[in-house]
Amino acid sequence: MDQHNVQSRRPDGGCEAASYPVPATEAAGRRVLAYLRLLPMAEERRLELTLEVLRGLAANPADEQTPAQAMSLLRERLRKPEARDALPTVPAPVCLPLMRGHMVPEEMDRRPWLSQATRLAQGYNRLTGRLSVLKPRVIWPMLFAVLVLIHLLARKLS
């Protein structure tokens, strides 16, 4: 695959898919340059590295010159000590050690609305002490009646 389609600019400023194929070396150069733009280095050094990679790609006797081959050449260039010296050192972030363990399995609440209403009723019982003599079988119908009354009042007012 020695031809790649890329997006190009028209003379009037718009963009459209290229109707002409772009040479593989140009596609490889664009990819290498896009990768190097993410590295913190001077623009001159970035362009020099791209030119070195493209020259190395042209000197490669392989029939297909792909962006993948260009990226492997770039990685070889970046492994050299002079290329590593051009990159500024960025301090590593300080992180606290993580304490990793297993999660304790808990039973899933199948009816959260019911358990939430029970907790509210129990909290009300603890606060007032008035309903402590009533059994839960009496509290639920009372709660249901109050909710029905609220619903009917809301319908009547709207």
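Residues numbered from 1 in each chain as written. Predicted model: local features only at pLDDT ≥ 70, side-chain atom pairs only at ≥ 80, totals over all residues. Heavy atoms only, no water.

The next point concerns the overall build of the chain. On a plain count of helices and strands, the chain comes out with six helices and four strands. The order of α-helices and β-strands along the chain, N terminus first, is β-β-β-β-α-α-α-α-α-α. When each of the 158 residues of the chain is scored for burial, the buried share is 22%. Look at the contacts in the chain between residues 6 or more apart in sequence, and 36% of them connect residues 24 or more apart. (Helix = DSSP H or I, 4+ residues; strand = E, 2+ residues; numbered from the N terminus. Buried < 20%, exposed > 50% of the residue type's maximum accessible area, 1.4 Å probe, protein only. Contact = heavy atoms within 4.5 Å.)

Grouped together as the largest cluster of nonpolar side chains are twelve residues: Ala28, Val32, Leu36, Met41, Leu49, Val53, Leu57, Ala70, Met71, Leu73, Leu74 and Leu78. Ignoring any residue separated from it by four or fewer positions in sequence, one finds methionine 71 in contact with Arg31, Val32 and Tyr35. (Core = buried A, V, L, I, M, F, W, Y, C linked by side-chain atoms within 4.5 Å.)

Our focus in this paragraph is the packing of helix α2 (residues 43-59) against helix α3 (residues 67-79). It is at 9 Å that the axes of α2 and α3 come closest, and there the two elements cross at 125°. Considering their axes alone, α2 and α3 lie oblique with respect to each other. When you trace α2 past α3, the crossing you get is right-handed. For the pair α2 and α3, the contacting residues are Leu49, Glu52, Val53, Gly56 and Leu57 in the first and Gln69, Ala70, Leu73, Leu74, Arg77 and Leu78 in the second. Broken down by class, the residue content of the contact of α2 with α3 amounts to seven nonpolar, two polar and two charged. (Axes fitted to C-alpha atoms, helices over the stretch in contact; angles between N-to-C directions. Parallel < 35°, antiparallel > 145°, perpendicular 65-115°, else oblique. Left-handed = near helix turned anticlockwise from the far one by under 90°. Nonpolar A, V, L, I, M, F, W, Y, C, P; charged D, E, K, R; others polar.)

A few words now on helix α1 (residues 24-37). Given a rise of 1.5 Å per residue, 14 residues ought to cover 20 Å, and the 20 Å separating the end C-alpha atoms of α1 matches this to within 8%. For α1, every residue scored as buried is listed here: Ala24, Ala27, Ala28, Gly29, Val32, Leu33 and Leu36. (Expected span 1.5 Å × (residues − 1).)

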